[in-house]
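This is what each chain is made of:
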Amino acid sequence: MMGTTRIGYYVHHVGRGHLHRATSVAAELARGGAEVTGLSTLPRPAGWPGPWVELAPDDDGADPDRDRVTAGGRLHWAPAHHAGLRSRAAAISAWLAGAAPRAVVVDVSVEVCLLARLHGVPVVSAVLPGVRDDAAHLLGADVADALLAFWPAEATGMVAPASLAARVTAVGGLARYDVAEPAPRRPGPPRVTYLAGSGGHELDERLLDAAREQTPDWRWTVLGGTAPWVDDPRAAIAEADVVVTHAGQNALAEVAALRRPAVVVPQDRPHEEQRTTARVLGAGPWPALARESFPATGWSALLDEACALDGGAWASWCDGGAAGRAAAVVRRVAEGEPR
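Residues numbered from 1 in each chain as written. Predicted model: local features only at pLDDT ≥ 70, side-chain atom pairs only at ≥ 80, totals over all residues. Heavy atoms only, no water.

Colleague: If you had to explain the sheet that holds strand S14 (residues 288-290) to someone new, which residues and values would you point to?
Modeller: Read across the open sheet, the five strands follow the order S11-S10-S12-S13-S14; overall the sheet is parallel. The two strands at the open ends of the sheet, each matched to only one other strand, are strand S11 (219-224) and S14. The mean angle between the axes of side-by-side strands here comes to 20 degrees, regardless of whether they run parallel or antiparallel. Pairing analysis gives three bridges linking strand S13 (residues 262-264) to S14, with the strands arranged parallel. Directly across from Val263, in S14, lies its bridge partner Leu289. Running at roughly 160 degrees to S11, helix H6 (residues 205-214) makes contact with strand S10 (191-197) and S11 of the sheet. (Pairing = 2+ DSSP bridges. Helix = DSSP H or I, 4+ residues; strand = E, 2+ residues; numbered from the N terminus. Axes fitted to C-alpha atoms, helices over the stretch in contact; angles between N-to-C directions. Contact = heavy atoms within 4.5 Å.)

Listed below in C-alpha cells is the structure:
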C-alpha cells in the first residue's frame with residue numbers, strides 16, 4: 001500500500017473494556033505507521049494516537065418498545081426517528097467518505113459493522129463471550145472480514161454457536177498493564193480487593209458486608225458499585241493477595257496481567273456473557289475460583305483456598321502480546337488478504 005494507511009476504530013461507550021482495548025490496539029497500529037481514527041460517543045481519551053470523531057448519543061430518550069429498536073430482530077439498536085442515531089450515522093458516513101480507510105475495527109456494534117461494509121470498507125469485529133446466535137449477531141459476524149476475541153485460544157467454549165467460534169481469532173487477554181511476575185506477600189494482614197465494575201452492578205450490599213464480617217483477619221478494598229471507582233486500579237489489584245472480581249474481560253485481563261489469584265463472580269449481562277466466561281475459567285487451569293453467585297457464607301475458607309493458588313498460572317490467559325496480535329489481524333485485513 002502506498003501512503004498512509006487509514007484505519008477507523010469504533011469504540012462502544014458502555015463499560016471501560018472497549019476503550020482500554022481500543023487504545024492499546026490503536027497504539028500498536030500507529031507504531032506500524034497507520035493513522036487510526038477513533039469513532040465513539042466517548043470523548044477522546046488521553047494517549048489516543050490519532051484523530052477522534054465524537055459521535056452523538058443514540059440512547060437518550062429512546063424507548064425500546066415504542067421505537068422498534070431491533071428493526072424486526074435484525075439489529076440490536078436502531079431506534080426509529082432518533083435524531084442522535086441519524087447524526088452519528090451521518091458522521092461515520094462522512095468520515096468514511098473523506099478518509100477512505102482501508103479497514104474499520106468495531107468493538108462492538110452490529111450496526112456500525114453494517115454501515116462500514118455498506119460503504120465498501122472491510123471490517124474487523126470484536127466478538128464478546130456468550131451465546132451470540134441471534135440474527136443480529138450472526139449478521140454482523142457474516143459481513144466482517146475478521147473476528148477478534150480477547151481471550152486465549154485455550155479458552156474453548158467462550159462463544160456460541162460453533163460456526164461463529166470457528167471464525168474467531170483469539171489473541172489473548174488484553175490489559176493496560178505490563179505483565180508482572182507474582183509479587184511476594186506484603187507484611188501485615190492479608191488483603192482482598194473487590195472489583196464491582198463500571199458497566200453495571202447488582203450485588204446486594206448486605207452480602208458484601210457479610211463477607212467482610214466472616215473474614216475479620218482480611219483487609220478489604222472495594223472499588224466500584226456503590227463504592228468509589230478509580231480510573232487506574234493497578235495498585236489495588238497488585239497489592240491484593242486475592243482479587244474478587246466480576247467476569248468482565250477487562251477486569252480479568254488486568255488481574256491476569258498482575259498475576260493475582262482470583263475469585264470470579266459473574267454479573268448478569270445479555271447473552272450470558274459473564275456466566276459463560278466464569279464457567280470456562282472454572283473448568284480451566286487458571287488461578288481462579290468461579291462461583292455462580294456471590295456466596296452468602298464460607299468466605300474465610302474461600303479466600304484461603306484462592307490465596308494458595310499460583311498467580312503465575314495466568315500466563316496463558318494474558319502474556320502481554322494480545323495488542324500486537326490483534327493489530328496484525330487488522331493489518332492483514334487492511335492489506336486486502338482474503339478472509
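Past the structure itself, the notes keep going.
Colleague: Tell me what's going on with the environment of Val179, and back it up with residues and numbers.
Modeller: Along the chain, Val179 falls in the loop between strand S9 (168-170) and S10. Sequence separation between Val179 and Ala240 is 61 residues; the distance between their C-alpha atoms is 16 Å. If near-sequence neighbours (up to four positions away) are discounted, Val179 is found in contact with Ala257, Arg259, Cys318, Asp319 and Gly320.

Colleague: Describe empty space enclosed by the protein, with residues and values.
Modeller: One water molecule sets the probe size; rolling that probe over the atoms shows where empty space is left. Counted by the stated rule, this structure contains one cavity of 30 Å³ or more. When its volume is computed, the largest cavity comes out at roughly 30 Å³. For the lining of the largest cavity, the class distribution of residues is five nonpolar, two polar and no charged. (1 Å grid on protein atoms, 1.4 Å probe; cavity = no way out; pocket = protein on both sides within 12 Å on 5 of 7 lines; lining within 4 Å. Points joined across faces, edges and corners; volume = space filled by probe spheres on them. Nonpolar A, V, L, I, M, F, W, Y, C, P; charged D, E, K, R; others polar.)

Colleague: Got a sec to walk through the side chain of Gln267? Specific residues and values, please.
Modeller: Mapped onto the fold, Gln267 is located in the loop between S13 and helix H9 (273-283). Judged by its relative accessible area of 5%, Gln267 falls in the buried class. Within polar-contact distance, the side chain of Gln267 engages the backbone oxygen of Ala196 at 3.0 Å. Separated by 3.0 Å, the side chains of Gln267 and Arg269 make a polar contact. (Buried < 20%, exposed > 50% of the residue type's maximum accessible area, 1.4 Å probe, protein only. Polar contact = N/O pair within 3.5 Å; in protein donor to acceptor, adjacent residues only side chain to side chain.)

Colleague: So what's going on with helix H11 (residues 322-334)? Which residues, and what values?
Modeller: An α-helical turn contains 3.6 residues, so any two residues separated by three or four positions project in the same direction. Given a rise of 1.5 Å per residue, 13 residues ought to cover 18 Å, and the 18 Å separating the end C-alpha atoms of H11 matches this to within 8%. Within the sequence span of H11, burial applies to Ala322, Ala323, Ala326, Ala327, Val329, Val330, Val333 and Ala334. Around the axis of H11, the buried residues are gathered within 155 degrees of arc, so they sit on the same side. Downstream of H11 by a residue or two, Gly336 has a phi angle that is positive, lying close to 85 degrees. (Expected span 1.5 Å × (residues − 1). Arc of directions from axis to C-beta.)

Colleague: For the nonpolar core, give the residues involved together with the corresponding values.
Modeller: Trp151, Val264, Trp314 and Trp317 are the most contacted members of the largest nonpolar core, which has 57 residues in total. In contact with Trp317, not counting residues within four places along its chain, are Trp151, Pro152, Ala155, Met158, Gly172, Gly173, Leu252, Ala256, Leu281 and Trp286. Grouped together as the second largest cluster of nonpolar side chains are 32 residues, Val11, Leu29, Leu148 and Val333 included. (Core = buried A, V, L, I, M, F, W, Y, C linked by side-chain atoms within 4.5 Å.)

Colleague: So what's going on with the pattern of salt bridges? Which residues, and what values?
Modeller: In total, this model carries 13 salt bridges according to the counting rule given. Residue Arg206 is joined to Asp204 by a salt bridge in which the shortest nitrogen-to-oxygen separation is 2.8 Å. Note on Asp204: relative accessible area 31%, which makes it partly exposed. Ionic contacts of the salt-bridge type, sharing partners, join the residues Asp268, Arg275 and Glu292 into one network. (Salt bridge = Lys/Arg side-chain N within 4 Å of Asp/Glu carboxyl O.)

Colleague: So what about the packing of aromatic side chains? Which residues, and what values?
Modeller: As enumerated under the stated definition, the model contains seven aromatic pairs in all. For the ring pair Tyr194 and Phe294, a centre distance of 5.8 Å and an interplane angle of 75 degrees mean the geometry is edge-to-face. In this pair, Tyr194 sits in strand S10 while Phe294 sits in the loop between S14 and helix H10 (299-307), placing the two residues 100 residues apart along the sequence. With relative accessibility at 9%, the residue Phe294 sits in the buried group. Consider the rings of Trp220 and Trp299, whose centres lie 5.9 Å apart with planes at 70 degrees: the pair is edge-to-face. Of this pair, Trp220 sits in strand S11 while Trp299 sits in helix H10, and the two are 79 residues apart along the sequence. Clustering of aromatic rings is evident, with ring pairs tying together Tyr194, Trp220, Phe294 and Trp299. Above the plane of the ring of Tyr177 lies Arg234, whose end atom (NZ or CZ) is 5.7 Å from the centre. (Phe/Tyr/Trp six-rings, centres within 6.5 Å; stacked < 30°, edge-to-face > 60°. Lys NZ or Arg CZ within 6 Å of the ring centre and 35° of its normal.)

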